[in-house]
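# Structural overview
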Amino acid sequence: MSKVSKLRDLTTKAASADHQEAFDEQTADDADDRSFCLLLSAMLENSLDQANDHWIGEQTEDVRKALYDQDGLLATFARKIAFVTVIGLAGPVARENLRLLRHVRNAFAHAKIPITFDTPEVAAVCADLVRINIFDPPEEPDQLPGLTPRKRFHVVANETMMRLLSSTGFKVLFWDDDGVEKTIIGGVLP
């Protein structure tokens with residue numbers, strides 16, 4: 001197996017809970033916008049992988065590699081979004097949020113000029129992100145129109161990840177400001 005093949009295989013390995021702490025450290029408030037966006041988007045894409053894997057069920061390593069490898073059915077962020085939509089896991093609000101999050105990620109990944117969340121084109125797309133309910137029993141989320149573009153991106157990505165992971169049966173832990181644990185809803189995203 002070539003060095004490039006090994007590197008490519010590295011990108012398709014399933015993430016574990018142990019990886020979360022390192023991602024959290026790298027997406028802290030002091031991270032630059034480009035790094036923050038790319039790492040948070042990678043975490044979101046990993047959550048899509050986990051939700052898709054859960055829906056598909058047990059797979060051999062060869063099948064998983066074929067699904068996620070370079071030309072596989074689930075090789076790209078866009079294909080993963082399409083898949084969760086087709087299987088009914090993401091409704092219209094989640095699908096649009098995921099599409100917008102992907103486009104912001106792509107801008108940060110491929111822009112040839114420096115950009116930030118305050119770049120007008122980035123801020124305009126982030127303004128269209130819609131917060132979703134994550135709690136059981138349901139609570140209507142405050143859309144918080146005063147959120148900065150970076151914070152809106154962060155909040156919507158995190159809410160989406162929590163719902164995706166909860167839909168797999170993984171117990172996502174959340175405590176409110178008073179230290180009371182709240183249950184994260186599973187199932188289909190709106």
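Below or above, wherever it landed, is the structure these notes cover.

The rules behind the values
Residues numbered from 1 in each chain as written. Predicted model: local features only at pLDDT ≥ 70, side-chain atom pairs only at ≥ 80, totals over all residues. Heavy atoms only, no water. Helix = DSSP H or I, 4+ residues; strand = E, 2+ residues; numbered from the N terminus. Rg over C-alpha atoms; globule rule 2.2 N^0.38 Å. Buried < 20%, exposed > 50% of the residue type's maximum accessible area, 1.4 Å probe, protein only. Contact = heavy atoms within 4.5 Å. Areas by Shrake-Rupley, 256 points an atom, 1.4 Å probe, with all protein chains shown as cover. Lys, Arg positive; Asp, Glu negative; His and termini not counted. Charge placed at Lys NZ, Arg CZ, Asp CG, Glu CD. Polar contact = N/O pair within 3.5 Å; in protein donor to acceptor, adjacent residues only side chain to side chain. Expected span 1.5 Å × (residues − 1). Core = buried A, V, L, I, M, F, W, Y, C linked by side-chain atoms within 4.5 Å.

## Thoughts on the overall build of the protein
Along its length, the protein carries eight helices and zero strands. Counting from the amino terminus, the protein carries its helices and strands in the arrangement α-α-α-α-α-α-α-α. Taken against the 2.2 N^0.38 rule, which gives 16 Å for 190 residues, the C-alpha radius of gyration of the protein at 17 Å falls within 12% of a compact globule. A principal-axis box enclosing the C-alpha atoms of the protein has dimensions of 50 × 45 × 30 Å. Among the 190 residues that make up the protein, the fraction classed as buried is 40%. For the protein, long-range pairs separated by at least 24 residues make up 62% of all intrachain contacts whose partners lie at least 6 apart in sequence. Element-wise, carbon and sulfur atoms account for 57% of the exposed surface of the protein, whose accessible area totals about 10,800 Å². Taking the average place of the 21 positive charges on the side chains of the protein and the average place of its 30 negative ones, the gap between the two points comes to 8 Å.

## Here we look at unusual backbone geometry
For the bond from Asp136 to Pro137, the omega torsion is 5°, close enough to zero to count as cis. In this structure, Pro137 sits in the loop between α7 (120-127) and α8 (149-167). Unusually for a residue other than glycine, Leu144 sits at a positive phi of about 45°. If you trace the backbone, Leu144 turns up in the loop between α7 and α8.

## A closer look at the side chain of Arg64
Within the secondary structure layout, Arg64 lies in helix α4 (residues 61-68). When its relative accessible area of 10% is taken as the criterion, Arg64 is described as buried. A distance of 2.9 Å separates the side chain of Arg64 from the side chain of Asp53, its partner in a polar contact.

## Examining α8
Between its first and last C-alpha, α8 extends 27 Å over 19 residues, near the 27 Å set by a 1.5 Å rise per residue. Counting buried residues in α8 gives 17 out of 19 residues, a clear majority hidden from the surface.

## Quick look at helix α3 (residues 33-56)
Here α3 is 24 residues long and its end C-alpha atoms lie 34 Å apart, about the 34 Å a rise of 1.5 Å per residue gives. At the N-terminal end of α3, a side-chain oxygen is found 3.2 Å from the backbone nitrogen of Arg34, two or three residues along, and the residue is Asp32. Gly57 sits one or two positions beyond α3 and adopts a positive phi of about 95°.

## What about the nonpolar core?
Val104, Phe117 and Phe153 are the most contacted members of the largest nonpolar core, which totals 36 residues. Of all the secondary-structure elements, those providing two or more residues to this core are α3, α4, α5 (77-86), α6 (92-110), α7 and α8. Of all the elements, α3 adds the most residues to this core, at seven residues. Setting aside chain neighbours within four positions, we find Phe117 in contact with Asp33, Phe36, Cys37, Val104, Phe108, Val122, Ala123, Cys126, Pro149, Arg150 and Phe153. Formed by six residues, the second largest nonpolar core is a distinct cluster that contains Ile134, Phe135, Met162 and Leu165.

## Section: the environment of Lys182
Among the structural elements, Lys182 can be located in the segment after α8. The sequence separation of Lys182 and Phe135 amounts to 47 residues, and the corresponding C-alpha distance is 6.9 Å. Among residues more than four places away in sequence, those in contact with Lys182 are Phe135, Glu139, Phe174 and Asp176. Within the structure, the side chain of Lys182 is placed 2.5 Å from the side chain of Glu139, a separation counted as a polar contact.

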